[in-house]
Amino acid sequence: MTIFDEIQASIARLAEDAGPSVVGIGQRWGIGSGVVLGAGRVLTNAHNVRGSRATVTFADGRTAEGNVAGHDIDGDIAVIEADTGEVPALPWSTGTPAIGMPVFALANPGGRGLRVTFGSVSGIDRTFRGPRGLRITGSLEHTAPLLPGSSGGPVLDAGGQLLGINTNRLGEGFYLAIPADEALRGRIDALARGESVKPPQLGVTITPGHVARRLRRAVGLPEAEGLLIRDVAEDSPAARAGLAPGDLIVAAAGQPVRAIDDLSGALRAASGGTIELNVIRGTDERTIQVVLGQNGQAEGGA
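In this text, all values refer to a predicted model and were calculated from it rather than measured experimentally.

## Structural notes on the packing of aromatic side chains
- A complete count under the given rule lists 1 aromatic pair for this structure.
- Ring plane angle 50° and centroid distance 5.2 Å describe the contact between phenylalanine 104 and phenylalanine 118, whose orientation is recorded as tilted. Linking phenylalanine 104 in strand 7 (residues 102-107) with phenylalanine 118 in strand 8 (residues 115-129), this pair joins segments that are 14 residues apart in sequence.
- You can call phenylalanine 104 buried: its relative accessible area is 2%.

Given below as structure tokens:
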């Protein structure tokens, strides 16, 4: 048997054994894929769902209307409660992915039929930007081709065990997946209990750094590293603390702020409490205490 025969046999076996556990996620605005992880539990990407309902299509063509039990926008995962019937859950891998390891990507874009592709692990511990532009770290990079609508589908090893959840296309021939590790298990369990992760927010709109520097130069202000506030939402933590458009956030909780990830990390650490921001208004630097809402969520903030 040649290596190509072995690959073909593996694809056929995975299509038969794991294919039924790969579902389509379809709504009027778009399509995606998902995977059955247990009785009544389907995992997909957060960017595949909107609101509290989602349509799940199974391999046999059956559809079920599911409830979004919980979602983590910045982590790009969501758990849907739906009638999975007798569909088996995919087993989790007990091994550690390594560069060069053969992998198989499965998808059912919007319930339009199973796809199985072959590739290899091309990188580990990679970083990419999630739906809100924040970093997602520790990702698995592979070369198994994916059609549009494949995000949320599984990456499997040759034994049919779950290695990751496809979530992002890097470009020509490279794809990223959220690794199926113990940390993901814990996050999934919390989401299944309805414990959605609410992104911590101040209630501000931020101007990109290069634009901020140009704007400060245009009005004769010295350049400084930080995040320039473009707008402040009404009745948000930022508004109540007195932050204003044009303020430049240069530090949060005593740490320099040079990118949105710096600010988001400080907000998560201070979730539900108070955070100290250092801002430059014009040429004057000042310290502002911001009282965050529950879980750090801005009420009506951006």
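## A look at helix 2 (residues 182-192)
- Among the residues of helix 2, those classed as buried are Leu184, Ile188, Ala190, Leu191 and Ala192.
- For helix 2, the side-chain oxygen to backbone nitrogen distance between the N-cap and alanine 183 is 3.3 Å, and the N-cap itself is aspartate 181.
- Positive phi shows up at glycine 194, right after helix 2, with a value of about 90°.

## A few points about the side chain of asparagine 48
- In this fold, asparagine 48 is placed in the loop between strand 3 (41-44) and strand 4 (53-57).
- Within the structure, the side chain of asparagine 48 is placed 2.9 Å from the side chain of threonine 44, a separation counted as a polar contact.

## Comments concerning the nonpolar core
- Counting 23 residues, the largest nonpolar core has Leu43 and Leu184 as its most contacted members.
- Broken down by element, this core gets its largest block of residues, 4 residues, from helix 2.
- Residues in contact with leucine 43, not counting those within four places in the same chain, are Gly34, Val35, Leu37, Ile77, Ala78, Val79, Gly152, Ile165 and Ile188.
- Ranked by size, the runner-up nonpolar core spans 20 residues in total, among them Val204, Ile229, Ala252 and Ile275.

## Regarding the pattern of salt bridges
- Per the counting criterion, the structure on display carries 7 salt bridges.
- Between glutamate 141 and arginine 126 there is a salt bridge whose closest N-O contact spans 1.9 Å. Of the two residues, glutamate 141 sits in strand 9 (residues 135-142) while arginine 126 sits in strand 8, which places them 15 residues apart along the sequence.
- What makes glutamate 141 buried here is its relative accessible area of 6%.

Rules used throughout
Each residue is numbered by its place in its chain's sequence as written, counting from 1. Reporting of local features is limited, given that this is a predicted model, to residues whose pLDDT is at least 70; pairs of side-chain atoms are given and counted only at 80 or more, and all residues count toward the totals for whole chains, interfaces and linings. Side-chain measures here rest on the full set of heavy atoms in the structure, leaving out hydrogens and waters. The aromatic pairing rule takes the rings of Phe, Tyr and Trp, using the six-membered ring of Trp, and pairs them if the centres are within 6.5 Å, calling planes under 30 degrees apart stacked, those over 60 edge-to-face and the rest tilted. The way it works is that DSSP assigns letters per residue, a run of H or I at least four long becomes a helix, a run of E at least two long becomes a strand, and they are numbered from the N terminus. Per-residue accessibility, obtained with a 1.4 Å probe over protein chains only, is compared with the maximum for each type, and a residue is labelled buried under 20%, exposed over 50%, and partly exposed between these values. Two N or O atoms form a polar contact when they lie within 3.5 Å of each other; inside protein one atom must be a possible hydrogen donor and the other a possible acceptor, and for residues adjacent in sequence the pair counts only when both atoms belong to side chains. Think of a nonpolar core as a cluster: buried Ala, Val, Leu, Ile, Met, Phe, Trp, Tyr and Cys residues, connected wherever their side-chain atoms sit within 4.5 Å. It only takes one pair of heavy atoms within 4.5 Å for two residues to be counted as in contact. Salt bridge, as used here: a side-chain nitrogen of Lys or Arg that lies within 4 Å of a carboxyl oxygen of Asp or Glu.

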